Amino acid sequence: MAVRFIVLSLSAFFLSQVIPTLAEEQDRATELTEEIAPSQPSESPSAAPETSTAPSSAPSASATPSASPSSSPTVYPAKPSQSQGMVIQVPSEISVDPRAQIVRIPRISVSGPEYMLVCINTVNTVVDVLTIGASDNVNATNLFISGDLSSTVTISAPTSLVNTVFNASGGAKISALGRALAGQQVLVGFLAIDKQAEDAKLCPKILSENRRVITISALGVGIGMKKGEVTLKR
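Here the structure is a predicted model, which is why all the values come from computation and not from measurement.

Participant: Is there a simple way to explain the state of the cysteines in this structure?
Facilitator: Working definition: the covalent bond between the sulfur atoms of two cysteines is a disulfide. Counting across every chain of the model gives 1 disulfide. The disulfide partner of Cys119 is Cys203, and the S-S distance across this bridge is 1.9 Å. Measuring the twist about the S-S bond at about -85°, one finds the Cys119-Cys203 disulfide to be left-handed. Separated by 84 residues along the polypeptide, Cys119 in strand S5 (residues 115-122) and Cys203 in the loop between strand S11 (185-193) and strand S12 (211-218) bring together distant segments of the chain. Cys203 carries the same exposure label as Cys119, and that label is buried.

Structure, rendered in structure tokens:
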């Protein structure tokens, strides 16, 4: 009986002390779980602002194309060649009727340099090249002409094309301004250059040995009388 009483007493003690304690611990664990679980979603919003920093780097990348205009190549003007050696065939004198007001320059020839600058100057006359009667002022890829139909003409092109322009339409035409041509002069200078020029700034660089003067002279016209005996027959 004593043993049974002891067993029942221990069972009653276990039910009254241990089981409520386990239940309380289970409830406490549940509360802790509920407290921790809601706190986890709160971390996700905090991570979102970090992604917003990525777009800030995009404008810096777009700024790089602005540097492209500065990388365009620099175009340098033409300059005289180191060697000014060339072969020039230009008439030194043209004879005209004393009353003439128009004359064509006979064929010229220049050879040697790859590119040429030709500077033509006259006084009281007008120079007409290429298309006669039209102002052929050109600034193209392989030909530059300025001052056509004036007293100062500039031509720049490959040397072979310079000859073609000067000799076109029967040769460059020189016209007087309401007066006779006799006694006038045409000054022509040749300059070897490294590429085609686009203005007359280099004309003063022409060497004296590459300058030519074409003098327009009047033809000598005379009337002579020769006296002699005449024998008449009956």
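Participant: What should I look at first to understand the sheet that holds strand S6 (residues 125-128) in this one?
Facilitator: Whenever strands of a sheet pair, they do so through backbone hydrogen bonds, lying parallel or antiparallel. Overall, antiparallel pairing links the 3 strands, which are arranged S3-S10-S6 in an open sheet. With partners counted over all chains shown, the strands left at the sheet margins are strand S3 (102-104) and S6, one partner each. The average angle at which neighbouring strand axes cross in this sheet is 20°, direction not considered. Bridge count between S6 and strand S10 (residues 173-176): 4 bridges; the pairing is antiparallel. For Thr125, the partnering residue across the bridge sits in S10 and is Ala176.

Participant: Teacher, can you tell me more about the layout of surface pockets here?
Facilitator: Over the atoms rolls a probe the size of a water molecule, and in doing so it shows where empty space is left. Empty space within the largest pocket amounts to approximately 260 Å³. Forming the walls of the largest pocket are 14 residues, and the residues nearest its centre are Tyr76, Pro77, Ala78, Gln196 and Glu198.

Participant: Is there a simple way to explain the nonpolar core in this structure?
Facilitator: Inside soluble globular proteins, nonpolar side chains tend to come together where they are buried. One finds Ile105, Ile120, Ile155 and Phe190 to be the most contacted residues of the largest nonpolar core, which totals 33 residues. The set of elements that each furnish at least two residues to this core consists of strand S2 (93-96), S5, strand S9 (152-158), helix H4 (159-167), S10, S11 and S12. Not counting residues within four places of it along the chain, the set of residues in contact with Phe190 comprises Met86, Ile88, Val90, Ile108, Val110, Met116, Leu117, Val118, Ile206, Asn210 and Arg212. Counting 9 residues, the second largest nonpolar core, distinct from the first, contains Leu191, Ile193, Ala197 and Leu202.

Participant: Help me understand H4, please; the structure alone is not making it clear to me.
Facilitator: Along an α-helix, residues three or four apart share an orientation, since each turn contains 3.6 residues. Along H4, the residues classified as buried are Thr159, Val162, Asn163, Val165, Phe166 and Asn167. Turning to H4, the residues buried within the fold contact strand S4 (109-111), S5, strand S8 (144-146) and S9. Note on H4: the residue one or two positions beyond its end, Ser169, has a positive phi of about 60°.

Calculation notes
For every chain, the first residue of its written sequence is number 1, and the numbers climb from 1 along that sequence. Residues qualify for local features only when their pLDDT is at least 70, as the model is predicted, and side-chain atom pairs are given and counted only at 80 or more; totals for whole chains, interfaces and linings, by contrast, use all residues. Note: side-chain values were computed over all heavy atoms of the structure, leaving out hydrogens and water. What counts as a disulfide here is a pair of cysteine sulfur atoms lying within 2.5 Å. A run of H or I in DSSP counts as a helix once it spans at least four residues, and a run of E counts as a strand once it spans at least two, with each numbered from the N terminus. Using a 1.4 Å probe on the protein chains alone, a residue whose accessible area is under 20% of its type maximum counts as buried, one over 50% counts as exposed, and one in between counts as partly exposed. Strand pairing follows a simple DSSP-based rule, namely that at least 2 bridges must link the two strands. Orientation is described by axes fitted as lines to C-alpha atoms, over the contacting stretch for helices, and by angles from 0 to 180 degrees between their N-to-C directions. For cavity detection a 1 Å grid was placed over the protein atoms alone, and a set of points counts as a cavity when a 1.4 Å probe fits there but cannot get out; an open set counts as a pocket when protein lies on both sides within 12 Å along at least five of seven lines, with lining residues being those that have an atom within 4 Å of a point. Grid points are joined across faces, edges and corners, and a volume is the space filled by probe spheres set on the points. Residues enter a nonpolar core if they are buried and are Ala, Val, Leu, Ile, Met, Phe, Trp, Tyr or Cys, with the set joined through side-chain atoms within 4.5 Å. By the convention used here, residues are in contact when the closest approach between their heavy atoms is within 4.5 Å.

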